[in-house]
Amino acid sequence: MTFEIGVGTAVRTVAVTRNGSLLNVTLDGRTVIVDARRVGDLALSLLITPEGGTVPVQSVDAALAVQRTAGDFDVHVAGRTIPVQVRLAGGFGHQKKAGVAQGTGPQRITAPMPGKIVRVLVKPGDEVKARQGLVVVEAMKMENELRAVRDGRVRDVVVTEGQSVDAGALLLVVE
Amino acid sequence: MKKILIANRGEIAVRVIRACRDMGIATVAIYSECDRAALHVRMADEAWPVGPSAPRESYLRIDAIIDAAKKSGADAVHPGYGFLAENGDFAAACRDAGLVFIGPSPEAIALMGSKTAARQAAIKAGVPVVPGTEEPLSEQTSDADVLKVAEQIGYPLMLKAVAGGGGKGMRMVASPAELPASLRAARSEAQSAFGDGAVYLERRILAPRHIEVQLLGDHHGTVLPFVERECSIQRRHQKVVEESPSLAVTPALRRQMTSAAAAVARTVGYTNAGTIEFLLDTDGSFYFLEMNTRLQVEHPVTEMVTGVDLVQWQIRIARGERLTLDPESLLTPTAHAIECRIYAEDPENGFLPSPGRIQGLRVPQGPGVRDDSGAYEGGEVPIFYDPMISKLVTWGETRDHAIARMKRALAEYQVRGIRTTIPFFQWILDDDDFKAARFDTTFIDRKWGAPGSGPLPASEPAYEDLAVIAAAVHMFTRAATAAPAVSEPVSIWKQAGRAEALR
């Protein structure tokens, strides 16, 4: 079974095949032998053989947390938390490259998390400078000022002061 | 005292419940709607609802809390920290209702709660204060008038809430141009956090260390100071790492600072637990900053190096007992303790709060480790409250030993499903200046994200390889057990995805 796994800014190709009671895991063309035991619903004890070895000995305790998108996980390993996106081979397609270009087009200012609109600092038609404060959102007892990425003119203000918003909700548009 | 109501939530409510249980005292929890299944509710003997999730409608509702105390038959109230802990009206309402408030008198809270009045008390006790405004600047004071006052003090300066605490309503102002925006933000934050938008100005000491002295005062005139805590590692004026003792404090300086702290407390007739905060300048001079009239978040580091249970002593003092602790031993730390405040925030994403369900939790254990937490596996971190979920404290024979244990404990700590500041602490603990205790309160601002400061430990390639292998093995074995039809990978994928979505 072959997966494409996004980690950091890279997409890695990983093939997993059975090898008796063990697994062969081929990562970017290099194969390691893995003795895997499930120690919890989302937790694994792995013994891994470095390349050229025969008996898996390197002990790696790994646990996963599922994210909103199926196949996206936070992997907890060796005291680190590493986000990965697992897709079947070919599953990424052009999706990975569809990241938002910061340079052009209208800026859609969205709520980074659920919260309350404390203040709206601009109105439609206002000229704004890069890094100018647009709206103040209160969440978890802290006020966060959301700012313009670059110069522009406020096109729409979708929210009003005192309003509660969900994560990802559109607040205003600057063009 | 037979039954204590804890007017708080989260880890501090759990901490107080534990002290009560150690003493054979029954406990009453209060909870908001979203906290019905919170750990403090589960651990208490009784639990009473006090309102909807928003703090203003529950944990800040004096009437509802007093009502719960009466109905439950509690004879005392412990306020924890935050919420109503430094609200003189709440302490007075407890007294009026015949409940013992486990803390200082309403008068002491009101006096020291006004940062400007507290400065005057320090001056009266002969303790130096940071130069600044003696009178509060109310919300009606115009920008022009504030600018005039600021001109006399000089830039850079600190803008602080008169009713402040916990870094809320506080701004550093580098120039007159920044003042109006900072003033607006500080007033608004102060108004929403404390119900009082008044602010004052203080000269900014350029590279101070934050040193504070824990105190206990009984009702028989005894005030005892403890060995200092150092809390210079701060982000957005909030402490994130604390330790005791401070490497910057010599035994002679310790005598001076602890005596000064006790003098301020005696001047105002202070009782119960409190903390005097100082700024320590590079030349060894120190200035009174403020007094916190409550138990501090970071009290465990003091407990670890002195062996004293501060919460138990709060209760003993409140029921009229005399302080029988040996004053010398309180000033003589046993080795070293350090604390990291674990927040539900994503350090890789601008410390964005990260509420949600904790899918898995592995808490560090072993020698010298203490975890004061309000979290549990399957529990929720709600969006309504402070995002701190745990305080991890380690003790070691030396500072290096305590740091090594902290690194070990952080590596053991798994909080799955939400992002936490654990990687941020791993980054701090690996910093050469931190390891040498060469720092001041600007440490994080100067170093975090600065060129050459190094990335978070998560992004090392060797660990990415392991994470990728683990994820692939998980998906492979999960797919193999989820569906017999190995020949159709897409449907297996869907089933595996569904299995994940269902948990």
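Residues numbered from 1 in each chain as written. Chains lettered and ligands numbered in written order. Predicted model: local features only at pLDDT ≥ 70, side-chain atom pairs only at ≥ 80, totals over all residues.

**Q** Just to check I follow, could you spell out the sheet that holds strand β9 (residues 107-110) of chain A for this structure?
**A** Strand-to-strand pairing in sheets goes through backbone hydrogen bonds, with the strands running parallel or antiparallel. All names here are of chain A. Reading across from one edge, β9-β16-β14-β11 is the order of the 4 strands in this open sheet, with antiparallel pairing throughout. The open sheet has two edge strands, β9 and β11 (127-128), and neither has a second partner. Sheet topology places β9 next to strand β16 (residues 170-174); 4 bridges connect them, and they run antiparallel. Pairing of R108 across the sheet is with V173, part of β16. (Pairing = 2+ DSSP bridges. Helix = DSSP H or I, 4+ residues; strand = E, 2+ residues; numbered from the N terminus.)

**Q** Would you take a moment to explain the nonpolar core for this structure?
**A** Where a protein is soluble and globular, its nonpolar side chains tend to be buried together. Core analysis: the largest hydrophobic core is formed by 117 residues, its most contacted members being B:L5, B:V77, B:V264 and B:F278. It is helix α1 (residues 10-22) of chain B that contributes the most residues to this core, 7 residues altogether. Beyond its immediate stretch of four places on either side in the chain, B:V77 contacts B:L5, B:A7, B:A69, B:C94, B:L99, B:F101 and B:I102. If you look at the next biggest cluster of nonpolar residues, it comprises 38 residues, including A:V7, A:L23, A:A36 and A:V66. (Core = buried A, V, L, I, M, F, W, Y, C linked by C-beta atoms within 7 Å. Buried ≥ 20, exposed ≤ 12 C-beta atoms within 10 Å, placed from the backbone. Contact = placed C-beta atoms within 7 Å.)

**Q** Sorry, what's going on with the domain arrangement of chain A here?
**A** Reports of interface size often rely on the accessible area that becomes lost once the parts have come together. Along its sequence, chain A is carved into domain 1 (2-91) and domain 2 (107-174). Put simply, the middle of domain 1 of chain A and the middle of domain 2 of chain A, counted by C-alpha atoms, are 40 Å apart. (Domains from an automatic or database assignment.)

**Q** In this structure, what is going on with the environment of A:D35? I would like to understand it.
**A** Residues and elements named next belong to chain A. By the element assignment, D35 lies in strand β4 (residues 30-40). According to the C-beta neighbour criterion, D35 is partly exposed, with 17 such atoms within 10 Å. For the pair D35 and A89, spaced 54 residues apart in sequence, the C-alpha to C-alpha distance is 23 Å. Residue contacts for D35: discarding those within four places in its chain leaves L22, L47 and P56.

**Q** Even after reading the chapter, I still don't get the interface of chain B and chain A, so can you show me in this structure?
**A** On the side of chain A, 48 residues touch chain B, which itself brings 42 residues to the contact. Ranked by residues supplied to the side of chain B that touches chain A, first place goes to helix α17 (residues 461-482) of chain B with 16 residues. In the side of chain B that touches chain A, the residues fall into 25 nonpolar, 10 polar and 7 charged. (Nonpolar A, V, L, I, M, F, W, Y, C, P; charged D, E, K, R; others polar.)

**Q** Would you mind going over the sheet that holds strand β5 (residues 43-49) of chain A with me for this structure?
**A** All names here are of chain A. Read around the closed barrel, 8 strands run β1-β2-β3-β4-β5-β6-β7-β8, paired in antiparallel fashion. Sheet twist, expressed as the mean angle between neighbouring strand axes with direction ignored, is 35°. Where β5 meets strand β6 (residues 58-66), 6 bridges bridge the pair, whose relative direction is antiparallel. Looking at β6, one finds that A43 is bridged to A63. (Axes fitted to C-alpha atoms, helices over the stretch in contact; angles between N-to-C directions.)

**Q** Explain unusual backbone geometry here, please?
**A** With the exception of glycine, the majority of residues adopt a negative phi angle, and the majority of peptide bonds are in the trans configuration. Residues and elements named next belong to chain B. Cis peptide bonds are those with omega within 30 degrees of zero, and the linkage from Y155 to P156 qualifies with -5°. Position of P156 among the secondary structure elements: in the loop between α7 (143-153) and β6 (157-161). In this chain, S244 is followed by P245 through a cis amide linkage whose omega measures -5°. Unusually for a residue other than glycine, N272 sits at a positive phi of about 70°. Residue N272 is classed as buried on the basis of its C-beta count, with 23 C-beta atoms lying within 10 Å.

**Q** Just to check I follow, could you spell out helix α4 (residues 88-96) of chain B for this structure?
**A** An α-helix turns once every 3.6 residues. As a result, residues three or four positions apart point the same way. Residues and elements named next belong to chain B. All of the buried residues in α4 are G88, F90, A91, A93 and C94. For α4, the secondary structure elements touched by its buried residues are α3 (62-72), β4 (76-78), β5 (100-101) and α5 (106-113). Positive phi appears at G98, one or two residues downstream of α4, with a value of about 80°.

**Q** Mind showing me how you'd approach the confidence of the model for chain A here?
**A** Caution applies to low-pLDDT regions: their predicted coordinates should not be interpreted in detail. Residue and element names in this part refer to chain A. Across chain A, pLDDT averages 84, with 91% of residues at or above 70. Mean pLDDT across the elements of chain A bottoms out in strand β13 (residues 142-147) (74) and peaks in β5 (96). Segment residues 94-103 is flagged for pLDDT under 50; beyond a separation of four residues in sequence, or across chains, it makes 3 contacts in the model. (pLDDT = per-residue confidence, 0-100.)

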